[in-house]
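# Geometric and topological summary
These are the residues of each chain, in order.
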Amino acid sequence: MPDCLFCNIVEGKVPSKKVFEDDRTYAFEDIDPQAPTHVLVIPKKHISGLQNAEPSDAELIGYCYLVAARIAHERKIEDTLRTVCNVGPRAGQAVFHLHIHVLGGRDMKWPPG
Ligand code: AMP
Ligand code: ZN
């Protein structure tokens, strides 16, 4: 996906502050952090969003959440952790490469806006 911002980040064509990487996932600091920790976890495979995920993506998407939990553990934010996957423009999805926001380090309100 040449025009996908997050594919370009995975490929190093767009700079990012890497937090974690393995063969299937990449995690990096959000450029506009909304909490003391705000990391994005993405699959290296281009999936445009949860709305277009296939059953065969289930293990990969679940694995992204385990990466999010690992980052939260390393950051010691498990007591304030919020994982968010915005789906669709009206939910705030602006980048159409599936990503999990890993937010924490401050009190979180509920319900979200
Ligand atoms: P969403 O609105 O759920 O699609 O989330 C997209 C996120 O990507 C937002 O939180 C942005 O701040 C973040 N973002 C956009 N461009 C970059 C970039 N170049 N590097 C890191 N994060 C980015
Ligand atoms: Zn992509």
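Quick look at the structure, then. (Residues numbered from 1 in each chain as written. Chains lettered and ligands numbered in written order. Predicted model: local features only at pLDDT ≥ 70, side-chain atom pairs only at ≥ 80, totals over all residues. Heavy atoms only, no water.)

## Side note on the overall build of the chain
- Along the chain, the regular secondary structure elements total two helices and five strands.
- In terms of overall dimensions, the chain is globule-like: its C-alpha atoms have a radius of gyration of 13 Å, near the 13 Å expected for 113 residues.
- Principal-axis analysis of the C-alpha atoms gives the chain an extent of 35 × 30 × 25 Å.
- Within the chain, the fraction of its 113 residues that count as buried is 42%.
- The long-range share in the chain, meaning contacts at least 24 apart out of those at least 6 apart in sequence, stands at 54%.
- For the chain, the exposed surface amounts to about 6,900 Å²; the carbon and sulfur share of it is 55%.
- When the 13 basic and 15 acidic side-chain charges of the chain are each reduced to a single mean position, those positions are 3 Å apart. (Helix = DSSP H or I, 4+ residues; strand = E, 2+ residues; numbered from the N terminus. Rg over C-alpha atoms; globule rule 2.2 N^0.38 Å. Buried < 20%, exposed > 50% of the residue type's maximum accessible area, 1.4 Å probe, protein only. Contact = heavy atoms within 4.5 Å. Areas by Shrake-Rupley, 256 points an atom, 1.4 Å probe, with all protein chains shown as cover. Lys, Arg positive; Asp, Glu negative; His and termini not counted. Charge placed at Lys NZ, Arg CZ, Asp CG, Glu CD.)

## Observations regarding the site of ligand 1
- Near ligand 1 you find 16 residues, and of these Asp30, Asn86, Gly92, Ala94 and His101 are the closest.
- In the model, an oxygen atom of ligand 1 is placed 2.9 Å from a nitrogen or oxygen of the His99 side chain.
- Starting from 500 Å² of accessible surface for ligand 1 in isolation, the protein chains cover 82%.
- Among the cavities detected, the one that contains ligand 1 is the largest pocket.
- The set of elements that each furnish at least two residues to the shell around ligand 1 consists of helix H1 (5-10) and strand S2 (25-29).
- The element contributing the most residues to the shell around ligand 1 is H1, with three residues.
- Looking at the shell around ligand 1, its residues break down into eight nonpolar, five polar and three charged. (Near = heavy atom within 4 Å. Polar contact = N/O pair within 3.5 Å; in protein donor to acceptor, adjacent residues only side chain to side chain. 1 Å grid on protein atoms, 1.4 Å probe; cavity = no way out; pocket = protein on both sides within 12 Å on 5 of 7 lines; lining within 4 Å. Sits in = over half its atoms within 2 Å of the grid points. Nonpolar A, V, L, I, M, F, W, Y, C, P; charged D, E, K, R; others polar.)

## As for helix H2 (residues 58-75)
- With 18 residues, H2 extends 26 Å from end C-alpha to end C-alpha; this agrees with the ideal 26 Å at 1.5 Å per step.
- Buried within H2 are the following residues: Leu60, Ile61, Tyr63, Cys64, Val67, Ala68, Ile71 and Ala72.
- The inward-facing, buried residues of H2 contact strand S1 (18-21), S2, strand S3 (37-43), strand S4 (82-84) and strand S5 (100-104).
- Positive backbone phi, at 55°, marks Lys76, one or two positions downstream of H2. (Expected span 1.5 Å × (residues − 1).)

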